[in-house]
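Descriptive analysis of the structure
What follows is each chain in one-letter form.
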Amino acid sequence: MTERRIFRRIRGMDTADGAGVKLKRIIGQPALDMLDPFLLLDEFRSDSADDYIAGFPEHPHRGFETVTYMLAGHMQHGDNHGNRGDLGPGSVQWMTAGRGILHSEMPQQENGLMWGFQLWVNLPAKDKMTAPRYQDIAPEKIPVVQPVDGVEVRVIAGDFGGASGPVSGVATAPIYLDLTVQPGATITVPLPEGHSAFAYVFEGEAAQVAGESLARSELAVLTRGESVSIAGGDAPARVLLVAGQPLKEPVARYGPFVMNTTEQIHEAIADFRAGKF
């Protein structure tokens, strides 16, 4: 199999979003505006309530999907269609905003660690006006495999190690893996050759990705290929490995609206103001 290599390295940029939630933006910043089909990747991590307590009050989305992966803490989501859910440690929400939804994500704690990720995944033009839907996935629904000694993998989306992730029906055929790698352990992960892919180290000092050391809070954009190797460093490390089919379509963005043309953005704003979401 053709092995992938590191094409670019990106460090997260400190910023704030929602009502002032402090976070690290990795994709969706000047150094990496997008990685088709991925529009944004944020990591939020703080044990200071002042950094997250204001949360993400009601806001609109259209034309893409949001993926929330909680590692610690509790966040409640709700929308203007009456959907409610509690995102706790280890849970995932894959929300397809489609033609429009008003959505909120609010902390359900006043102290302690709040830690997780939000990934934005673009929708193809043919699906941008589809009906909104949620895939709310409890931790126990996510399979955990140990393909080799010293490696544990949570399979959120895609197939790996004889397990299939619970996320289904996504146009970009995503792979979303959370790997815990012990020192001295090595794993080769197959990936669809044409998928865009990245690896992000989020725990431990560093991991070996494609034969190179990748530090904590550093994202590697990978070259095309059929597999990538990940190995432990001097201490245990956790790595997000994510891949998706690029859409290769025009992208028009305005805040929480992602469409294909400027005219469609104007339509989204008009529909939102008219209460059509």
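If you're wondering where the values come from, they're calculated on a predicted model, not measured in any experiment.

**Description of the sheet that holds strand 9 (residues 92-96)**
In spatial order, the strands read 2-3-4-11-6-9-12; together these 7 strands make up an open sheet with antiparallel pairing. Looking along the sheet, the strands with just one partner apiece sit at the ends: strand 2 (13-17) and strand 12 (133-137). On average, each strand axis in the sheet is tilted by 20° relative to the strand beside it, whichever way the strands run.

**Remarks on the pattern of salt bridges**
What the rule picks out here adds up to 13 salt bridges. The residue arginine 25 makes a salt bridge to aspartate 17 at a minimum N-O spacing of 2.8 Å. Measuring nitrogen to oxygen at the nearest pair gives 2.4 Å for the salt bridge that ties aspartate 178 to arginine 238. Of this pair, aspartate 178 sits in strand 17 (residues 175-181) while arginine 238 sits in strand 24 (residues 237-244), and the two are 60 residues apart along the sequence. Like aspartate 178, the residue arginine 238 is buried in the burial classification.

**A look at the packing of aromatic side chains**
Taken as a whole and assessed by the stated rule, the structure comprises 9 aromatic pairs. Arranged with centres 5.5 Å apart and planes meeting at 85°, the rings of phenylalanine 38 and phenylalanine 198 form a pair that is edge-to-face. Placement of phenylalanine 38 in strand 4 (residues 38-46) and of phenylalanine 198 in strand 19 (residues 196-203) is noted, with a sequence separation of 160 residues between them. Neither phenylalanine 38 nor phenylalanine 198 differs from the other in exposure class; each is buried. Aromatic ring contacts, followed pair by pair, group Trp115, Phe117, Tyr200 and Phe202 into a single cluster. Here arginine 45 stacks its cationic end above the ring of tryptophan 115, 3.9 Å away from the centre of that ring.

Here is what the cut-offs are and how they apply
- Along each chain, residue indices are assigned from 1 in the same order as the chain's sequence is written.
- Side-chain atom pairs in this predicted model are given and counted only at pLDDT of 80 or more, local residue features only at pLDDT of at least 70, and totals for whole chains, interfaces and linings cover all residues.
- Each side-chain value is derived from all of the structure's non-hydrogen atoms; neither hydrogens nor water enter the calculation.
- In this scheme, strands are said to pair when DSSP sees at least two bridges between them.
- Think of it this way: any DSSP run of H or I at least four residues long counts as a helix, any run of E at least two long counts as a strand, and we number them from the N terminus.
- Each axis is a line fitted through C-alpha atoms, taken for helices only over the stretch in contact, and angles between the N-to-C directions span 0 to 180 degrees.
- Here a salt bridge means any side-chain nitrogen of Lys or Arg lying within 4 Å of a carboxyl oxygen belonging to Asp or Glu.
- Relative accessibility decides the category of a residue: with a 1.4 Å probe and only protein chains considered, values under 20% of the type maximum give buried, values over 50% give exposed, and everything between is partly exposed.
- When two rings of Phe, Tyr or Trp (its six-membered ring) have centres within 6.5 Å they constitute a pair, described as stacked for plane angles under 30 degrees, edge-to-face for angles over 60, and tilted for the intermediate range.
- Lysine and arginine charges are scored as sitting over a ring when NZ or CZ, respectively, is within 6 Å of the ring centre and within 35 degrees of the ring normal.

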